[in-house]
Structures are given as structure tokens and as C-alpha cells.
Amino acid sequence: VQEEKIFAGKVLRLHVCTMEGAEWLEEVPEDTTVEKLKERCLKHCVPGSLEDPKTVTHHKLIHATSEKVLTDTKTVLEENIQDRDVLLLVKKRAPALLPKMADVVAEEKRKQEQKAPDKDAILKATANLPARSVDRTVSHHNMRDFQTELRKILVSLIEVAQKLLALNPDAVELFKKANAMLDEDEEDRVDEIALRQLTEMGFPESRAVKALRLNHMSVTQAMEWLIEHADDPAVDAPLPGQAPAEAPAEGAASSAEATAGPSSEEGREEAKDELTEIFKKIRRKREFRPDPRAVIALMEMGFDEKEVVDALRVNNNQQNAACEWLLGDRKPSPEDLDKGIDTNSPLFQAILENPVVQLGLTNPKTLLAFEDMLENPLNSTQWMNDPETGPVMLQISRIFQTLNRT
């Protein structure tokens, strides 16, 4: 007995097939490499000599059951091939030919031709065309005119609403309730859940309140602000434009005096004075509140706090527009904001003749909405979505846009 056969491993009988339909049995020890097995298989189906190494490398063996491509360097045992398994001998696909240089150049040229033109090319191609686009400065000016005109409309509508509501015998009681609603819905109130999260982290309550107001009640941004300004000596300073804590108490006292019931001796005059005081109280509560972040940013540029507040009031709390206003001719002025629209103008007459607006002016909530939008234009979305005040604002907007087109 030969020594090789004594120490040889287990012999496996494998069924080999080709794509052309040829098939045969191969008997190989389990320690045979896949490459050697492939050479033996190629002798059955490839005519001629196998001296060319490309003949072996251009073929591969695939395990039919698992569909796995066998690795040449591994043995039959390592590839977990069992007795009577079926293998498929397949010729590999020829690699794709590298593109010719001429083809590459042609492709690059085609891409360049399809590339969008840059700004200089557009300006050169359109240099002789007449200008038809709207000037951006004119568009911005028209937007400013719209905001100014809308503000004038609100000023005049507030006067009309106050006169209509004063004729209502229940007006005093209605506005007492409205005044109480404002007390409950003061903007100075912060998100209690957000505040509790910050205080539980160890931040002082007053400092956490300031951080939340500066960061629109975002806990994450407020926390980042607190960490960033932990060593700032002015971190506990009140926000610019913020009323002192005692102001609401004084306002409440004056409100209590203003809302005292009229005596039977004074009658209607006392009730009228009482309603006037309530209107003043509501107006004080709806005073413009500048964006604290914008105030700080503009003051850091060297502007006075009063100038900054005026600029933000004129420009609806928009920091960039306020900066342009401060650096420009400062028109319109803050005083212009308190002027109403010409009550004899076709626009104002069309608004007053609208049935939806007429009905809305008898609702105290509409007056509160007008007051709020007058001093805080960014709150207009809230009132547009309100079921009571939304239809009124929609009609005013439609009338304004319709008459502006004519």
C-alpha cells in the first residue's frame, strides 16, 4: 500500500456540470484545493493544453446548493463541500474594456455643453434684452407700504370698534372679562414644564426664566445659553425693554380703581369713563414687546436702547430691517404708526361696508385682536386662525388686495 493512500484524507465524489451541458464525477481527497479541483475539471471540457494560466483564472467553481463561489486558495474541506455535492464550472465574464481617450474627451465635452450657464454667461447673453423683472427694492418698498397701510387701517378700526362697543349696555362687563383674560394670558408667563427642567438641572429660577424668553421657550437652546453665560457678570440683568416686576401690580391697582362700578348718581357718564379706563388698561397690556435677542444684538452695535426699540417697533421685530432703518432715513417714524387711515377713502369705506367686518366690530375679542396686532404684528397668525377674528381679518386682507390691483 502506498504511503500517500494510507495518510490521505477522506475521498469525496463530486458531480460537476458545465453551462454547455457536460457533466462527470470527480473523486478528490478533502484536503484538495479548489484551484487543483478546477484544473482537473478543465481537462474534461477545455481542449488543448492548460499551460496558459489564464485558462484557470478565467473559470470559477460554484456550489450548486448554496450558490456560493468557491475560493481557489481554500480546500474542499474548508469550503464545507460534502460527498455527492453538485458543483458548476462557469467561465467568468470578460472585464469591461477601458474607454478610449477619444470617447472620454467626447463625453466630457457633452457634459460641458449640458452644464447650466453661470451668472456671467447669463448676463452676457441677456445684456441687450429689455428689463422686465420687478425691481427688488421696489418690491420691498411695496411690502413696507402694505404693512404701513394695514397698520393705519387697524388704528382707525379700533376707534370705530370702541365707539360701537361703548353703545352696548353690557360693554363694561364684557371688557372686565376681557381684562381678566389678558391677566391670565400675559406674555411674561413662561412654560412651566421647561422651567422645571432647567431648575432641576441646578440653574437659578430667575436666570432660567430669562434664558427661556431669550430662546423662545426651547429647553435645549436655553440650557446652552445658560452654560455659555455662566460667568457673565450681567447674566442676571433684566432684559432690555422688559417691564419691572412691580408694574403689573400697579396696573392691577389702577384697573381695580377703573373697574369700580358706577354710582347711581353719575349714571352713564361714570360708565363711559369706566369703559375708557378699561380701554387704556388693555392698551397698556398690549404695548409693543421688542424681541430681547434683537435688542441686545442692535445695542451691541452702539445704538441707544430707545432707538433700538423704536426701530423694532417700526419694522415688526425684524432685526435686519430694524438695522437698515437705524442706518437709513428712519422712515416711517414711530409717530407715523399711530396715525389712522383717511376715513373717507374708498378703501376704508369698503371695509366698513363689509357685513363680516361690521359684525366683527361688535365683538370685544375683535378689538383685542386689533390692539394686539397693532403692537405685536407677529401675533397676526394667531388671530387669523381664530374662528371669531379670522374671518374679519380675511375680509380686510381681501378688500385691501382687491383695491390695490385697480
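Note: the structure precedes this text.
Residues numbered from 1 in each chain as written. Predicted model: local features only at pLDDT ≥ 70, side-chain atom pairs only at ≥ 80, totals over all residues. Heavy atoms only, no water.

Here 5 strands make up an open sheet; going across it, the order is β2-β1-β5-β3-β4 and the pairing mixed. Two strands close off the open sheet at either side, each with one partner strand: β2 (23–29) and β4 (68–69). Each of β1 (11–18), β2, β3 (59–63) and β5 (86–91) touches helix α2 (residues 34–45); the most contacted strand, β2, lies at about 150 degrees to it. (Pairing = 2+ DSSP bridges. Helix = DSSP H or I, 4+ residues; strand = E, 2+ residues; numbered from the N terminus. Contact = heavy atoms within 4.5 Å. Axes fitted to C-alpha atoms, helices over the stretch in contact; angles between N-to-C directions.)

What follows covers helix α10 (residues 219–228). Residues Val-219, Ala-222, Trp-225 and Leu-226 constitute the buried set of α10. Angularly, the buried residues of α10 cover 125 degrees about the axis, an arc narrow enough to put them on a single face. Of the exposed residues in α10, the ones pointing more than 90 degrees away from its buried face are Ile-227 and Glu-228. Taken together, the buried residues of α10 touch α8 (192–200) and α9 (205–214). (Buried < 20%, exposed > 50% of the residue type's maximum accessible area, 1.4 Å probe, protein only. Arc of directions from axis to C-beta.)

Before going further, it helps to examine the packing of helix α13 (residues 292–299) against helix α15 (residues 319–327). Helix-helix packing is described using two parameters, namely the angle between the two axes and the distance between the axes. For the pair α13 and α15, interaxial distance at closest approach is 10 Å and the crossing angle is 35 degrees. Seen from above, α13 lies across α15 with right-handed handedness. Here Ala-294, Ala-297 and Leu-298 of α13 lie close against α15, whose contacting residues are Gln-319, Ala-322, Cys-323 and Leu-326. In terms of residue class, the contact of α13 with α15 is built from 6 nonpolar, 1 polar and no charged. (Left-handed = near helix turned anticlockwise from the far one by under 90°. Nonpolar A, V, L, I, M, F, W, Y, C, P; charged D, E, K, R; others polar.)

As defined by bridge partners, β1 adjoins β5 across 4 bridges and the pair is classed as parallel. Residue pairing in the sheet places Thr-18 in a bridge with Leu-89 of β5. Bridge count for β3 against β5 is 5 bridges, and the pairing is antiparallel. Its bridge partner being in β5, Lys-60 is matched across the sheet by Val-90.

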